[in-house]
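Listed here are the chains, written in short residue letters.
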Amino acid sequence: MPGETMLPFEVLEHTADVGLRAYGHSLKEAFENSAVGMFSLITDLESIKPTASEEVVIEAEDRESMLVEWLNELLYRFEVEYVVFKRFEIIDWDEEHHMRAIAHGEPLDLGRHQIKTQIKACTYHMLKIEHNEYWSAQVIFDI
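Here goes a summary of the coordinates provided. (Residues numbered from 1 in each chain as written. Predicted model: local features only at pLDDT ≥ 70, side-chain atom pairs only at ≥ 80, totals over all residues. Heavy atoms only, no water.)

1. Some remarks on the sheet that holds strand E4 (residues 83-93)
- Across the sheet, which stays open at both edges, the 3 strands sit in the order E3-E5-E4 with antiparallel pairing between neighbours. The open sheet terminates on both sides in strands that have one partner only, identified here as strand E3 (52-59) and E4. Pairs of neighbouring strands in the sheet enclose a mean axial angle of 25°, with direction left out of account.
- Bridging between E4 and strand E5 (residues 98-107) involves 9 bridges; their strand directions are antiparallel. Paired with Arg 87 across the bridge in E5 is His 104.
- Sitting on the sheet, helix H1 (residues 27-42) touches E4 and E5, and the angle it makes with E4 is about 170°.
- The sheet strands contacting helix H2 (residues 63-81) are E3, E4 and E5, and the helix crosses E3 at an angle near 140°. (Pairing = 2+ DSSP bridges. Helix = DSSP H or I, 4+ residues; strand = E, 2+ residues; numbered from the N terminus. Axes fitted to C-alpha atoms, helices over the stretch in contact; angles between N-to-C directions. Contact = heavy atoms within 4.5 Å.)

Spelled out as structure tokens, the structure:
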């Protein structure tokens, strides 16, 4: 990809599920882009006005588990607290076991936020984190 513009994420087609591969110049950026990608599947990101922010703290056994826990925590907040997010910044982490982030978004407003995909959970199926010239994080969502 030298000289090319890197995409932040791409949607992966999968039979009964939907997948996502997020990219970043750092692992942190790939994690942030995975959350952006997930919410782009849920609703149109342009409809979200980031007027509020929430802290998200994740503890995990390894970076793969941290990615799944990160996305599932954000899904939980969407489903239970009715909040949609569009911007994420990881402010403290050790890349393996601990992460603290700020998620920027707003309360869900069905008049403005049309739900495109009902995501039930982020799964461990086909989960992959890789580093070549850049970082990529691949996840499959149960829909």
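There's plenty left to go through after this.
2. A short note on the side chain of Ser 65
- Tracing the backbone shows Ser 65 in helix H2.
- For Ser 65, a relative accessible area of 13% puts it in the buried group.
- Beyond its immediate sequence surroundings of up to four residues, Ser 65 is in contact with Ala 60 and Tyr 124. (Buried < 20%, exposed > 50% of the residue type's maximum accessible area, 1.4 Å probe, protein only.)

3. Describing H2
- The end-to-end C-alpha distance of H2 is 26 Å, a good match for the 27 Å that 19 residues give at a rise of 1.5 Å each.
- Taken together, the buried positions of H2 are occupied by Arg 63, Ser 65, Met 66, Leu 67, Val 68, Trp 70, Leu 71, Leu 74, Leu 75, Arg 77 and Phe 78.
- Once H2 ends, the next one or two residues include Tyr 82, with phi positive near 55°. (Expected span 1.5 Å × (residues − 1).)

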